[in-house]
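Structural characterization, general
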Amino acid sequence: MSVAKKDYKRITTKSLIEMKSNGEKISMLTAYDYTMAKIVDTAGVDVILVGDSASNVMAGHETTLPITLDQMIYHASSVVRAVERALVVVDLPFGSYQSDPKEALRSSIRIMKESGGHAVKLEGGKEIKESIKKILNAGIPVMGHLGLTPQSIYKFGTYSVRAKEDAEAEKLIEDAKMLERIGCFGVVLEKIPADLAKKVAESISIPVIGIGAGGGVDGQVLVIHDMLGMNNEFSPRFLRRYLNLYEEMTTAIGQYAADVKSSDFPNSNEQY
């Protein structure tokens, strides 16, 4: 049975595990800059993910692969300066951890020291086990990421739902248990069947955050540009748009441009 919601002044990895234990759902959103992070934190979101999705929504790349470690540190630094309550998790970008555990540790240390982030997130299971262990052994909190792993898009060749087949589903469950066993504080499950995600969440004691993974997990994450409707070209089934900022901002900016052209702006009350 759920207990009364606890008022956390500061969210930590321990807080998230307590939330799962108490049956309290965890809210998570992305942010990539100071202004947006300030709004997200003030609104009461528990976890802010400085995602490598910045490669898409901030830089306009087709995939998450091009973003660099330096660029992730820049975005994370901007977010950390705005945050007073939320836990800030920073994605390790493609190429910064897969090939060498020592490189994974160096990348993680740079993120923690140079950005002030609170934890890192890595995509993959047993294939990157040694990298995760190396990072954890240095005292750096790690969040896992299983299911659809966008950094492996060219391997999969599609962004379709993962782990629909028994073999892949079983591997995902085993990987989730492995992530818990070696010391990860949580795991993101992206775009997998809801029944499987629920099974994973019930089989491990660390929080499971879903994106396109149904409601049977411990929390949810979305890309903020998607949920605010700033990106009108992305409409997966799992996305709920809470605003249509693309339309509202386009209208407002168009009105500004028209007012300047007509000399309506600035008026006599808007000048010195």
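What you see is a predicted model; the values in this text were computed from it and never measured.

Rules used throughout
- Starting afresh in each chain, residues are numbered from 1 along the sequence in its written order.
- Where local features are concerned, this predicted model is filtered to residues with pLDDT of at least 70; where side-chain atom pairs are given and counted, the filter is 80 or more; whole-chain, interface and lining totals use all residues.
- Here the side-chain values reflect all heavy atoms present in the structure, with hydrogen atoms and water set aside.
- UniProt positions are given in the numbering used here, feature names are shortened, and annotations may be inferred rather than shown by experiment.
- Helix and strand definitions follow DSSP, with helices as H or I runs of at least four residues and strands as E runs of at least two, each counted in order from the N terminus.
- Partly exposed residues are those whose accessible area sits between 20% and 50% of the maximum for their type, while under 20% is buried and over 50% is exposed, using a 1.4 Å probe and protein chains only.
- Residue contacts are defined here by distance: any two heavy atoms, one from each residue, within 4.5 Å place the two residues in contact.
- Any two of the Phe, Tyr and Trp rings considered here, Trp counted by its six-membered ring, make a pair once their centres fall within 6.5 Å; the pair's planes then place it as stacked at under 30 degrees, edge-to-face at over 60, or tilted in between.
- We call a set of buried residues a nonpolar core when its members are Ala, Val, Leu, Ile, Met, Phe, Trp, Tyr or Cys and they connect through side-chain atoms within 4.5 Å of each other.
- An automatic or database domain assignment provides the domain bounds reported here.
- Note on definitions: buried area is the accessible-area loss of two parts on being combined, 1.4 Å probe, summed for both.
- Every case where a carboxyl oxygen of Asp or Glu lies within 4 Å of a side-chain nitrogen of Lys or Arg is listed as a salt bridge.
- Think of a polar contact as two N or O atoms within 3.5 Å of one another; within protein, one of them needs to be a possible hydrogen donor and the other a possible acceptor, and neighboring residues in sequence only count if both atoms come from side chains.
- Gly counts as polar in this scheme, as do all residues outside two lists: the nonpolar Ala, Val, Leu, Ile, Met, Phe, Trp, Tyr, Cys and Pro, and the charged Asp, Glu, Lys and Arg.
- For two strands to count as paired, DSSP must find a minimum of two bridges between them.
- In this analysis, axes come from line fits to C-alpha atoms, helices being fitted only over the stretch in contact, and the angle between any two N-to-C directions falls in the range 0 to 180 degrees.

Overview of the UniProt feature "binding site: Mg(2+)" (unreviewed entry) in the chain
- Using the residue numbers shown here, the UniProt feature "binding site: Mg(2+)" (unreviewed entry) corresponds to Asp52, Asp91 and Glu123. Spanning 72 residues, the annotated positions come together in the fold, the maximum distance between their C-alpha atoms being 10.9 Å.
- Looking at the secondary structure, you find Asp52 in the loop between β2 (47–50) and α3 (54–57).
- According to the relative accessible area criterion, Asp52 is buried, its value standing at 5%.
- Excluding its chain neighbours within four sequence positions, the residues that come into contact with Asp52 are Thr64, Ile67, Met72, Asp91, Glu123 and Gln151.
- For Asp91, the position within the fold is in strand β3 (residues 87–91).
- Excluding anything up to four places from it in sequence, Asp91 contacts Leu49, Val50, Gly51, Asp52, Met72, Ile111 and Lys121.

Points about the packing of aromatic side chains
- In the structure shown here, the tally under the stated rule is two aromatic pairs.
- Judged by centre distance (6.4 Å) and plane angle (70°), the rings of Phe234 and Phe238 are edge-to-face.
- Under the relative-accessibility criterion, Phe234 is labelled partly exposed at 34%.
- On the accessibility criterion, Phe238 (26% relative accessible area) is partly exposed.

Considering the nonpolar core
- With 79 residues, the main nonpolar core has Leu122, Leu189 and Val200 as its most contacted residues.
- At six residues, the largest contribution of residues to this core is made by helix α8 (residues 166–182).
- Once residues lying within four places of it in the same chain are set aside, the contact partners of Leu122 are Leu92, Tyr97, Ile128, Ile132, Ile135, Val142, Met143, Gly144 and His145.

Some remarks on the domain arrangement of the chain
- When cut into domains, the chain gives domain 1 (11–240) and domain 2 (244–271).
- Using C-alpha coordinates to define each centre, domain 1 is positioned 38 Å away from domain 2.
- Of the roughly 360 Å² buried between domain 1 and domain 2, counting both surfaces, carbon and sulfur atoms make up 63%.
- Applying the counting criterion to the domain 1 and domain 2 interface returns zero salt bridges.
- For the pair domain 1 and domain 2, the number of links is two residue pairs in polar contact (both at pLDDT 80 or more).
- A per-class count over the side of domain 1 that touches domain 2 returns two nonpolar, two polar and no charged.

What to know about the pattern of salt bridges
- This model, assessed by the stated rule, comprises 13 salt bridges.
- We note a salt bridge from Lys20 to Asp218, for which the minimum N-O separation is 3.0 Å. Remark: Asp218 occurs in the loop between β7 (208–211) and β8 (219–222) and Lys20 occurs in helix α1 (residues 13–22); sequence separation between them is 198 residues. Comparing Lys20 with Asp218, the two get one shared label, buried.
- Asp70 is paired through a salt bridge with Arg110; the nearest N and O atoms lie 2.7 Å apart.

Description of the sheet that holds β8
- With parallel pairing, the eight strands of this closed barrel are ordered in space as β1-β2-β3-β4-β5-β6-β7-β8. Recorded for the sheet is a direction-independent mean angle of 25° between the axes of neighbouring strands.
- Note that strand β6 (residues 186–190) and β7 share four bridges and pair parallel. Pairing of Val188 across the sheet is with Ile209, part of β7.

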